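# Results of the structural survey
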Number of protein chains: 2
Amino acid sequence: MEQRLSLITLGVTDLERSRRFYEQLGWRGQEVEETVFFEAGGIVLVLWCREKLALDSGVTDTDRGSFDGVVLAHNVRSEEEVRQVLAAAARAGATVTRPSGETFYGGYAACFTDPDGHVWEISYNPGFRLAEDGSIILPDFGT
Amino acid sequence: MEQRLSLITLGVTDLERSRRFYEQLGWRGQEVEETVFFEAGGIVLVLWCREKLALDSGVTDTDRGSFDGVVLAHNVRSEEEVRQVLAAAARAGATVTRPSGETFYGGYAACFTDPDGHVWEISYNPGFRLAEDGSIILPDFGT
């Protein structure tokens, strides 16, 4: 298995509500057969009906937990940008679960959940450089 | 908010078990302070303690659901490769939740869950071209 990811699909309960949420954050997607595809820098973020997603994956969706067990991170270039993105998310209807502040890894971050409770961290991590196109450059930790 | 993703963190209950699982699939990561980082083509897949991840995100993790509501997809170049990756995952201890077969979108795919129940789809989708480096090229659906 090559070491790469192609798509991340978020199960949603109301496709239009979720699409509007991400569009209010400035993202632009394409909707095809009740599925929304967002280019997200070499990978694709997809919104699709949660029930269909579970069925299609062969898993049951009887108990919805309080936490996905998955966090999506969007890294930015400054503390100010963390605060700006968090404010934009709040205006779009996100729930702020962790206000902007310093992190244990020497950075500055905030977290919010989207309309379906999917968690996003907006992070400024001085140890993780971003390329011009925004893609992340993992440091060599020397381990 | 720029239209891109930086990292995806999977909450895990046993870091070494999860690390071994992904390493058996051929991935190579770096472990730093009980966190494993895998380069995954412009983004980073991270393994971290589920409890810490929830706490750090400001969300509660009282009820673990039967489904994350999130599916990670790894697209490949042929049906044969779907079968090969699924077999490798099964050997590494994955639970196959959907055997290899044709999909409603005209492709061929299979699904498995990792040791913490995170769902992966291995997919051959003739409509989604892969670049030489494996990054996915979203078609213009004309919508």
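Everything in this summary refers to the structure shown in the same document.

### Things to note about the interface of chain B and chain A
With 77 residues of chain B in contact, the opposing surface of chain A contributes 77 residues. At the boundary of chain B with chain A, total buried surface from both sides reaches about 6,600 Å², with 57% on carbon and sulfur atoms. The tally of links from chain B across to chain A stands at 4 salt bridges. Here chain B is connected to chain A by 47 residue pairs in polar contact (both at pLDDT 80 or more). When residues in the side of chain B that touches chain A are grouped by element, the largest group, 6 residues, is from strand β5 (residues 70–75) of chain B. Looking at the side of chain B that touches chain A, its residues break down into 36 nonpolar, 24 polar and 17 charged.

### Here's the deal with the sheet that holds strand β7 (residues 108–113) of chain A
Across the sheet, which stays open at both edges, the 8 strands sit in the order β6(A)-β7(A)-β8(A)-β5(A)-β1(B)-β4(B)-β3(B)-β2(B) with mixed pairing between neighbours. The open sheet is flanked by β6 (95–102) of chain A together with β2 (30–31) of chain B, the only strands paired with a single partner. Where β7(A) lies against strand β8 (residues 119–124) of chain A, 6 bridges are found, and the strand directions are antiparallel. From the neighbouring strand, Ala110(A) faces β8(A), where its bridge partner is Ile122(A).

### Examining the relation of the copies chain B and chain A
For these two chains of identical sequence, chain B goes onto chain A by a turn of 180° and a shift of 0.0 Å along the axis, with RMSD 0.0 Å. The two molecules are tied by a two-fold rotation axis, judged by turn and shift. By C-alpha distance to the rotation axis, the residue of chain B lying nearest is Gly65(B), at 1.8 Å.

Basis of the calculations
- Residues numbered from 1 in each chain as written.
- Chains lettered and ligands numbered in written order.
- Predicted model: local features only at pLDDT ≥ 70, side-chain atom pairs only at ≥ 80, totals over all residues.
- Heavy atoms only, no water.
- Contact = heavy atoms within 4.5 Å.
- Buried area = accessible area lost by both parts, 1.4 Å probe.
- Salt bridge = Lys/Arg side-chain N within 4 Å of Asp/Glu carboxyl O.
- Polar contact = N/O pair within 3.5 Å; in protein donor to acceptor, adjacent residues only side chain to side chain.
- Helix = DSSP H or I, 4+ residues; strand = E, 2+ residues; numbered from the N terminus.
- Nonpolar A, V, L, I, M, F, W, Y, C, P; charged D, E, K, R; others polar.
- Pairing = 2+ DSSP bridges.
- Least-squares fit on C-alpha atoms with pLDDT ≥ 70 in both.

Function-wise, these values are silent; they only describe arrangement.
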